[in-house]
Amino acid sequence: LWLMVRHRVHRLLVRDGDQVLGVLGQLDLVSFVANHSHIVAQQIDDAASVDELQAAAERIDQMITLLHGSGIRIERITRLVTELNRRLFARLWALLAPPDLIANSCLLVMGSEGRGEQILKTDQDNALILRDGFVFDGLEAVAQRFNAALAAFGYPPCPGGIMLTAPLWRQPLAGFRDSLRQWLYGNDADGPMNLAIFFDAAAVAGDETLLADARNHLDTILAGQDTYLARFAAAADQFSEPGLWARLTTKRDEQPLDLKKLGTFPIVHGVRALALQRGVVEQGTAARLERLADAGALDASLARDLADALHLLMNLRLSHQLEQRAQGRPAGNEVKPSEL
């Protein structure tokens, strides 16, 4: 299995001396990985403690290496990892939060995790919507334990504090409605990005209708706000680099390129702006593109090209990050042109 992953071998002869015992093909590897993912999922569901759950979290990264090394398409890897991550978050919440808190709240993941586009563990982006009128005295302590446990699992704390530990991201539904209005109409410089992060939210535990109510409120207050949407969409260009294409097609220098800021972000945010304008409910960028094409907001061939470009960039980024990890370096987004 290691030979097939490391050297992209399609078929191996299994020998005992001169005797050929059989042939191991890629299908066998895929079947092994599929069974392995089922074992990880079962391990998550059966975890009776945070320590047992951490062991399952560590196996997810091992599975990613196997899947990517065997040539599995990036969109399939993301679907599988998204499913396992969300089961992990839900199980951790069930271990830490009492039943009445779970029943009267909705736990959210946001950002790339909410869109189902996170592969290797990146910064946490999570939130909690509480039912209006529900009060739980130990909420801050539960939030602290939840985010600390995720950090121990390898999900780094968000530098911007977009986590349950921040009061802004654990509010009653009425509080989130007020925040959405402030992000839209207020003067807070972080408002548009906070709105973008929340727009990508997906429910992983608790009462999903709380998120649906918040999203419906956002659709209502956004109606007719074309000037705001224009400013919101303009953020797609905030990391643009003049001469980027020339650098890639002429004599190359070795100034690193950021595959996220210069690559995936312009696609993700541009599509997010169109989805926000059109009231598209899907979280994933590829799903949003498909819905936008169906609605006539994008040419179908352009939508396909954008999805292909996004998946290519995600694949490049994952290859680069796995290589960095194999060399004992931190996984990052910057890559030298000669390494592409």
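In short, a report on the structure. (Residues numbered from 1 in each chain as written. Predicted model: local features only at pLDDT ≥ 70, side-chain atom pairs only at ≥ 80, totals over all residues. Heavy atoms only, no water.)

## Some points on the sheet that holds strand S5 (residues 170-172)
For step 1, the next point in the chain: Pairing is mixed in the open sheet, where four strands are placed in the order S5-S4-S3-S6. One side of each edge strand has no neighbouring strand; the edge strands of this open sheet are S5 and strand S6 (202-206). Mean inter-strand twist for the sheet, computed between neighbouring axes without regard to direction, equals 25°.
For step 2, the next point in the chain: Note that strand S3 (residues 105-109) and S6 share four bridges and pair antiparallel. Bridge pairing in S6 links Leu108 to Ala203.
For step 3, the next point in the chain: Most of the contacts of helix H8 (residues 173-185) go to S5, to which it runs at about 105°, and overall it touches strand S4 (126-130) and S5. (Pairing = 2+ DSSP bridges. Helix = DSSP H or I, 4+ residues; strand = E, 2+ residues; numbered from the N terminus. Axes fitted to C-alpha atoms, helices over the stretch in contact; angles between N-to-C directions. Contact = heavy atoms within 4.5 Å.)

## Notes on the state of the cysteines
For step 1, the next point in the chain: For the structure shown, the criterion picks out zero disulfides.
For step 2, the next point in the chain: Here Cys158 is not cross-linked by a disulfide; its sulfur's nearest cysteine counterpart is in Cys106, at 19 Å. (Disulfide = S-S within 2.5 Å.)

## Describing H8
For step 1, the next point in the chain: With 13 residues, H8 extends 18 Å from end C-alpha to end C-alpha; this agrees with the ideal 18 Å at 1.5 Å per step.
For step 2, the next point in the chain: Those residues of H8 that sit buried are Leu173, Gly175, Phe176, Ser179, Leu180, Trp183 and Leu184.
For step 3, the next point in the chain: Close packing links the buried residues of H8 with S4, S5, helix H9 (191-199), helix H10 (209-222) and helix H11 (226-234). (Expected span 1.5 Å × (residues − 1). Buried < 20%, exposed > 50% of the residue type's maximum accessible area, 1.4 Å probe, protein only.)

## Considering the environment of His217
For step 1, the next point in the chain: Tracing the sequence through the fold places His217 in helix H10.
For step 2, the next point in the chain: Considered as a pair, His217 and Asp178 are 39 residues apart in the sequence and their alpha carbons are 9.9 Å apart.
For step 3, the next point in the chain: When residues no more than four places from it in sequence are discounted, the contact partners of His217 are Arg177, Leu180 and Arg181.

What is shown is where atoms sit, not what they do.
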